Every structure is written in C-alpha cells, then in structure tokens.
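Read off the chains here:
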Amino acid sequence: MVAVETEIKFRVDDLPRLATKLEEAGFHLDTPRSFESNVLYDTPDRQMRAQTEILRIRRYAGKCTMTYKRLPEDRPGEDRHKHRLESETEVSDAGALAEVFKRFGLLEAFRYEKWRTEWSDGQGHCVVDETPIGNYAELEGDAEWIDRVASLLGVPPAEYMTLSYGRLFEQWREENQSSAEHLTFEAVGSASPQR
C-alpha cells in the first residue's frame, strides 16, 4: 500500500517542556524512548538520491521495517510541509534483506541513528528524535492538523523544516567542518574537523 506522508520537523531545545506541552494538547505516549538505527541504500552513482527517492531498512523498538519513499506526482514535494509517497512493510530479517539489496547492486549509502519517542492524539503523530546533531520533533498528519498542533506547541510556520536527516547532517557537517560520514553517535562523536 502506498500512502502520502505529510510532515514537518522543528528543533527542540527543551525535551521535558515539549513532553508537557504534548500531554496538555491531548497526546498520549505510544512508544517510550527507544533506539533507532537506519540504513539508506542506493546505486553506486546515487541515482535514487538524485531522484529524491529513498530505500531504507530501519531497526526500532524491536521491529525491522523496509521503506521506500518518493516524490508525489500530483503535488510538490515541499511547500510549507513535506510530502512523500511512502510504501512500508515489516521485515523479519533485516540482514537477509540487506544482502538481497547488495546482490541487486545497491550499496549502504548512509547510516543515521537516534533515540525516538512517539506520541499521538488519534489524528496524527509527533515523534521526538534525539540525534547526534541535536533534538528534533516531527509532526505527521494532514496539513491542517500539523498547523493546528504546531500552533498549540508554540511552533510558528517560520520554524517548520522540511529537510531530511541526511540534508540536516550535510548542513551540520559544513557548519562544523566535520569529517563524519554518517549520522551516528560514534561517527559524530569521534570525527575531527576537516582542514
């Protein structure tokens, strides 16, 4: 099944304060803070990235999923919100799937990890991500819901972000002149500035 995913990200400076605001807005905790590991696969010449597509294996909260995302054909990929067509399925053996991808000529193009906490209010989701380069939250739902909840949380549209974690990492690398190649706690923590 293919679904349209609509979301925004925003920076989070105070995690406990955001949790309090979510509770006050009627959200309940779906998944407590859990480690998440992601690997993006691509062709050696990065054709998928050039077409704004991703193929991902995610390990999170005791599950493994494979996700394919691409731009929608009937609307822009980004306006004030980010829009993607998403196909996702749970897999029982991420290692075996990774081996299949490699046999088809795909490479591990990018790794990223975070600690994620999931909240919902019955209409949409808020995920709170603690990444090696800072804390972010994502609101995922229909555009009107996103705008309403963002307002309740005190997040003005000027603070909406539609960048992927890969693009945020590229910006961070440039700003910090970092040699890290992946958005993992180990890589970011041990990387030295580029000269």
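Worth saying up front: this structure is predicted, and the values here are computed from it rather than measured.

*Asks:* Sorry if this is basic, but what is going on with the overall build of the chain here?
*Replies:* Within the chain one finds six helices and eight strands. Element order for the chain, N to C, with α for helix and β for strand: β-α-β-α-β-β-β-α-β-β-β-α-α-α. In summary, the chain has a C-alpha radius of gyration of 17 Å against a globular reference of 16 Å for 195 residues, a match within 12%. Each principal axis of the C-alpha distribution contributes one length, and for the chain these read about 50 × 45 × 35 Å. Per-residue burial for the chain yields a buried fraction of 45% across its 195 residues. Considering only contacts in the chain between residues 6 or more positions apart, those separated by 24 or more positions represent 62%. Carbon and sulfur atoms form 48% of the exposed surface of the chain, whose accessible area is close to 10,700 Å².

*Asks:* Which parts of the structure should I look at to understand the pairing of strand β8 (residues 134-140)?
*Replies:* Within a regular strand, side chains alternate between the sheet's two faces. Note that strand β1 (residues 2-11) and β8 share five bridges and pair antiparallel. Residue pairing for β8: Phe-10 is matched across the bridge by Ala-137. Note: strand β7 (residues 125-131) against β8, seven bridges, orientation antiparallel. Directly across from Glu-130, in β8, lies its bridge partner Asn-135.

*Asks:* What is the right way to look at the packing of aromatic side chains in this model?
*Replies:* Aromatic rings considered in pairs are described by the distance between their centres and by the relative angle of their planes. Applying the stated criterion across every chain yields a total of eight aromatic pairs. Relative to Phe-101, the ring of Tyr-41 lies with its centre 5.0 Å away and its plane at 65°, an arrangement referred to as edge-to-face. Here the residue Tyr-41 occupies a position in strand β2 (residues 28-42), and Phe-101 occupies one in helix α3 (residues 94-103), the gap between them amounting to 60 residues. Taken individually, Tyr-41 and Phe-101 each receive the classification buried, so the pair is uniform in this respect.

*Asks:* Where do I start with the nonpolar core in this structure?
*Replies:* Note that soluble globular proteins tend to have their nonpolar side chains buried in a common cluster. Ranked by internal contacts, the top residues of the largest apolar core, which has 18 residues, are Phe-10, Leu-18, Leu-22, Phe-27, Cys-126, Leu-139 and Leu-153. Every element with two or more residues in this core is listed here: β1, α1 (15-24), β7, β8 and α4 (143-152). Take this core: its biggest share by element is four residues, from α4. Setting aside chain neighbours within four positions, we find Leu-139 in contact with Thr-6, Glu-7, Ile-8, Phe-10, His-125, Cys-126, Trp-145, Ile-146, Val-149, Ala-150 and Leu-153.

*Asks:* What exactly am I supposed to notice about the sheet that holds strand β4 (residues 63-70) here?
*Replies:* Sheet strands associate in pairs through backbone hydrogen bonding, adopting either a parallel or an antiparallel arrangement. Read around the closed barrel, the eight strands follow the order β1-β5-β4-β3-β2-β6-β7-β8; overall the barrel is antiparallel. With direction set aside, neighbouring strand axes in the sheet form an average angle of 35°. Here 12 bridges tie β2 to strand β6 (residues 107-120), and the two strands are oriented antiparallel to one another. Looking across to β6, one finds that His-28 is bridged to Ser-120. Sitting on the sheet, α4 is in contact with β1, β7 and β8, with an inclination near 135° to β8.

*Asks:* I keep staring at the side chain of Lys-69 and nothing clicks. Help me out?
*Replies:* Relative to the assigned elements, Lys-69 resides in strand β4. When its relative accessible area of 13% is taken as the criterion, Lys-69 is described as buried. Side-chain polar atoms of Lys-69 contact the side chain of Glu-5, separated by 3.0 Å. Leave out the neighbours within four places in its chain, and Lys-69 touches Glu-5, Thr-52, Glu-53, Ile-54, Arg-56, Arg-84, Leu-85 and Glu-86.

*Asks:* How should I be thinking about the environment of Ala-98 in this particular structure?
*Replies:* Mapped onto the elements, Ala-98 comes out in helix α3. Along the backbone, Ala-98 and Ile-57 are 41 residues apart, and their C-alpha atoms lie at a distance of 7.8 Å. Those residues within four positions of Ala-98 in sequence are excluded, and the remaining contacts are Tyr-41 and Ile-57.

*Asks:* Can you walk me through α3 in this structure?
*Replies:* Because each turn of an α-helix spans 3.6 residues, side chains separated by three or four positions in sequence point in the same direction. Within the sequence span of α3, burial applies to Ala-94, Leu-97, Ala-98 and Phe-101. The buried residues of α3 occupy an angular sector of 100° when the element is viewed end-on, so they sit on one face. Taken together, the buried residues of α3 touch β2, β3 (54-60), β4 and β5 (82-91). At the N-terminal end of α3, a side-chain oxygen is found 3.1 Å from the backbone nitrogen of Gly-95, two or three residues along, and the residue is Asp-93.

Rules of the game
Residues numbered from 1 in each chain as written. Predicted model: local features only at pLDDT ≥ 70, side-chain atom pairs only at ≥ 80, totals over all residues. Heavy atoms only, no water. Helix = DSSP H or I, 4+ residues; strand = E, 2+ residues; numbered from the N terminus. Rg over C-alpha atoms; globule rule 2.2 N^0.38 Å. Buried < 20%, exposed > 50% of the residue type's maximum accessible area, 1.4 Å probe, protein only. Contact = heavy atoms within 4.5 Å. Areas by Shrake-Rupley, 256 points an atom, 1.4 Å probe, with all protein chains shown as cover. Pairing = 2+ DSSP bridges. Phe/Tyr/Trp six-rings, centres within 6.5 Å; stacked < 30°, edge-to-face > 60°. Core = buried A, V, L, I, M, F, W, Y, C linked by side-chain atoms within 4.5 Å. Axes fitted to C-alpha atoms, helices over the stretch in contact; angles between N-to-C directions. Polar contact = N/O pair within 3.5 Å; in protein donor to acceptor, adjacent residues only side chain to side chain. Arc of directions from axis to C-beta.

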